[in-house]
Amino acid sequence: MIETAAAKAPAIEAPAIEARGVGRTLPGPVPVTLVRDVDLTIATGSFCTIIGPSGSGKSSLLYLLGLLDRPTEGEILLDGTATGDLDEGDLARIRLTKLGFVFQFHFLLPEFTVLGNVMIPMRRLARIDEEARHARAAELLASLGLESEGAKRPDQLSGGQRQRVAVARALANDPAIVLADEPTGNLDTHNADIVFEIFAALAHEEGKTVVAVTHNAELAARADRRIEIVDGRITDSG
Amino acid sequence: MMLGADIALTHLRGRLRQTTVSVLGVATGVGFFIAIAALMEGSQRDFVEKIIDATPHIVMKDEYRDPPRQPVERAYSGGAVDLRGVRPEEELRGLRAAKRILGELRARPGLFVAPILRGQVVMRHGGKDVAASLIGIEPEAERHVSTIEEDMRGGDFDLLRTTANGVILGSGLADRLGAAEGDTLSVSSSAGIAIRMKIVGVFHTGVVGIDQSEAMTLLKKAQVLLGRPNVINRIRMKLADIDVARAEAAAIEARYGYRTESWEEANESILEVLFIRNVIIYTVVGAILIVAAFGIFNIISTVTFEKSRDIAILKSLGFRAAEVRSIFVLEGLIVGLAGTVLGWAFGYGLSRVLGSIKFEVQSFTDMTRLPLYEWPGFYAIAAAFAIGSAVLAAWIPASRAARLNPVDIIRGAA
């Protein structure tokens, strides 16, 4: 694993993510409630999974926690800071610096190389120069067993490799929180195991907060904490 | 390279064929705009130049803009009885008090004045009768109000003064008569006077209407031939400053009452035709650029549709809506810029080709090749229009893409 600033820092007990009475209802002639009355605290450096049946609101809750969507009720706090009043630019900045996303589909930009894809968040942040970006991207890929794949295009990789590239991209800006939405949904058991091992290592070795949505109970059990959701409501917060 | 520019170029390279077609569309519009604008402006300027050179800037005629009031109307103005069938007062044609008017006009600064008598005659040569306008001139004055001396193609303008019954003909008129310098014509007027005149020169102004129908002789000779001794019916004027022609003509008409036309008024119908022609042509050329803009709209719309997943992930990676929009607007800008640069080269080449084509056309003025007016402003206008429309065409789908909710796309892709 890559040694990062977060890994060196002492564990902080304050919650990385906090949801207070969060609800999300889609407007329309017949309003649809995706998430309701969610009160949740996720500690820094923990590895949590959200599990539940299809359509239970797992992904919706993750998008709310990751500030990709806004709650219609309640509030999300990151590192103790309320996010309800933040504008689109502030939210984008938080997603860029504090959050890393991995989705069920890898969403790699097909025209860019593997290395190029991993460098996109770093180029957007522009905190380090091109040489340093290149070195960090190569280091991340190597840590995920993809050191020889940097020059390839995403369509030249296997499904498991692509998903690992997506993980590397999520980690590019060294985010404190990694959010994964069914990251193993399109992978075989072997690759799913690898991805979950990576997540566990990120939490336990690097002190990152990892929240992963899955419908696989076996994988979910590997996390420090398992949160169950049914019909948009948390039934077991682990 | 900036990340946004990198992504934009990557998208365009990914759809190289469509991008090329869009660039060519813009280039065609820009190229045709430049060439057509150079052609339109060139032909208009050429026409105006020839008109301004060959004809007087202002002409005072022995007529009134409104018919003069008849004695009965003056005597019974506002009368209750309407008199019909009153025989109108016959007025002798010609400018009255011409000497005084000429004297006063000559005193005006920046104004050159020449009196003429113009009348219709029939010229006969070799059994061919051709109707013509005979203009009696004072050579010394005339050379200041027209370019007749420079327009002489054969013979000598000065021979008019030294040759008994000398006449100079427009080149078209000479051709119609089958006559040349040194030939003798029989010229008869409506006054029943006929004399034989010797062609001492042929002029060619380039204005077809003049060259085909006008002939010049000494003023005194014309007065005799037309049976109107000591009469002039027009005063031709040339200005030092062409731009004041309309105002100066109006002032002179207000002072003397005689209809006084500036060159713009005299050629108003032709200038209107030129204006309408320009509107039509620029509309067509503008349509080419608009079609090109639709091409850009199409490619950016397609790209944004195809790249909705990329947009979602970019937003999840911390791109703001404005940054996403700027990527696609940049794509339109790149297409617009590339098309503009290519269009400049195409337009320049097309202008050169059009300008080099030799032909002979006689309409209002005669031409041997298409006159071009090459002005850098045309390149700037074409670029502004092309780039502006390209950006606008990209802006609409780009804004739509920027508004996409990443969650909707991620859900749809899952």
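This structure is a prediction, so every number in the text was calculated from the model and none was measured.

Student: I keep staring at the overall build of chain B and nothing clicks. Help me out?
Tutor: Within chain B, the regular secondary structure consists of 16 helices and twelve strands. Looking at chain B as a whole, 49% of its 414 residues are labelled buried. Taking the intrachain contacts of chain B between residues at least 6 apart in sequence as the baseline, contacts between residues at least 24 apart amount to 77%. Roughly 20,100 Å² of accessible area belongs to chain B as shown, and the carbon and sulfur atoms make up 59% of that amount.

Student: What exactly am I supposed to notice about a nonpolar patch on the surface here?
Tutor: Residue and element names in this part refer to chain B. Nonpolar side chains collect at one region of the surface, where Phe275, Ile276, Val279, Ile280 and Val284 lie side by side and expose about 490 Å² of accessible area between them. Along the polypeptide, Val279 turns up in helix α12 (residues 268-306). Judged by its relative accessible area of 41%, Val279 is partly exposed.

Student: Sorry if this is basic, but what is going on with unusual backbone geometry here?
Tutor: Here Ala126 of chain A, not a glycine, exhibits a phi torsion of approximately 55 degrees, which is positive. Within the secondary structure, Ala126 of chain A is located in the loop between α4 (114-125) and α5 (130-143). Phi at Asn230 of chain B takes a positive value of approximately 65 degrees, unusual for a residue other than glycine. With respect to the helices, strands and loops of the structure, Asn230 of chain B is situated in the loop between α9 (219-225) and β9 (234-239). Classification of Asn230 of chain B by relative accessible area gives exposed; the value is 66%.

Student: What's the story with the nonpolar core in this structure? I'm lost.
Tutor: Here is a general trend for soluble globular proteins: nonpolar side chains tend to be buried in one another's company. Ile17, Ile50 and Leu65 of chain A together with Phe328 of chain B are the most contacted members of the largest nonpolar core, which has 84 residues in total. In this structure Phe328 of chain B touches His11, Ile300, Val303, Thr304, Lys307, Ile311, Ala394, Ala398 and Ala401 of chain B, once residues within four positions along its chain are discounted. Membership of the second largest hydrophobic core comes to 61 residues, among which are Ile51, Ala222, Leu226 and Ile270 of chain B.

Student: I would appreciate a short explanation of the packing of α4 of chain A against α5 of chain A in the present structure.
Tutor: In a packed pair of helices, the relevant descriptors are the angle between the two axes and the axis-to-axis distance. Residues and elements named next belong to chain A. One way to put it is that α4 packs onto α5 with a least axis distance of 9 Å and a crossing angle of 125 degrees. On the basis of the axis angle, α4 is oblique to α5. For the pair α4 and α5, the sense of crossing is right-handed. Only Glu130, Arg133, His134, Arg136, Ala137, Ala138, Leu140 and Leu141 of α5 make contact with α4, whose side of the interface consists of Val114, Leu115, Val118, Met119, Met122 and Arg123. Among the residues making up the contact of α4 with α5, the classes are represented as nine nonpolar, one polar and four charged.

Student: Hey, could you run me through the sheet that holds strand β2 (residues 32-43) of chain A in this one?
Tutor: Each strand in a sheet pairs with another by means of backbone hydrogen bonds, the pair being arranged parallel or else antiparallel. All names here are of chain A. On the basis of which strands lie adjacent, the open sheet formed by four strands has the order β2-β1-β4-β5 and antiparallel pairing. The open sheet has two edge strands with one neighbour each: β2 and β5 (81-82). When strand β1 (residues 15-26) meets β2, the two strands line up antiparallel, connected through eight bridges. Residue pairing across strands places Arg24 opposite Val35, the latter belonging to β2.

Student: Could you clarify how one ought to interpret the pattern of salt bridges in this entry?
Tutor: For side chains of opposite charge, pairing can occur when their charged atoms come near one another. On inspection of all chains with the given rule, the structure shows 32 salt bridges over all chains. Residue Glu149 of chain A is joined to Lys152 of chain A by a salt bridge in which the shortest nitrogen-to-oxygen separation is 2.7 Å. The salt bridge partner of Arg236 of chain B is Glu142 of chain B, with a shortest N-O separation of 2.6 Å. Note that Arg236 of chain B is positioned in strand β9 and Glu142 of chain B in helix α5 (residues 139-145), a separation of 94 residues in sequence. Here Arg236 of chain B and Glu142 of chain B have matching classes, each one buried.

Definitions and cut-offs
- Residues numbered from 1 in each chain as written.
- Chains lettered and ligands numbered in written order.
- Predicted model: local features only at pLDDT ≥ 70, side-chain atom pairs only at ≥ 80, totals over all residues.
- Heavy atoms only, no water.
- Helix = DSSP H or I, 4+ residues; strand = E, 2+ residues; numbered from the N terminus.
- Buried < 20%, exposed > 50% of the residue type's maximum accessible area, 1.4 Å probe, protein only.
- Contact = heavy atoms within 4.5 Å.
- Areas by Shrake-Rupley, 256 points an atom, 1.4 Å probe, with all protein chains shown as cover.
- Patch = residues over 30% accessible without salt bridge, like charges linked within 9 Å, V, L, I, M, F, W, Y side chains within 5 Å.
- Salt bridge = Lys/Arg side-chain N within 4 Å of Asp/Glu carboxyl O.
- Core = buried A, V, L, I, M, F, W, Y, C linked by side-chain atoms within 4.5 Å.
- Axes fitted to C-alpha atoms, helices over the stretch in contact; angles between N-to-C directions.
- Parallel < 35°, antiparallel > 145°, perpendicular 65-115°, else oblique.
- Left-handed = near helix turned anticlockwise from the far one by under 90°.
- Nonpolar A, V, L, I, M, F, W, Y, C, P; charged D, E, K, R; others polar.
- Pairing = 2+ DSSP bridges.

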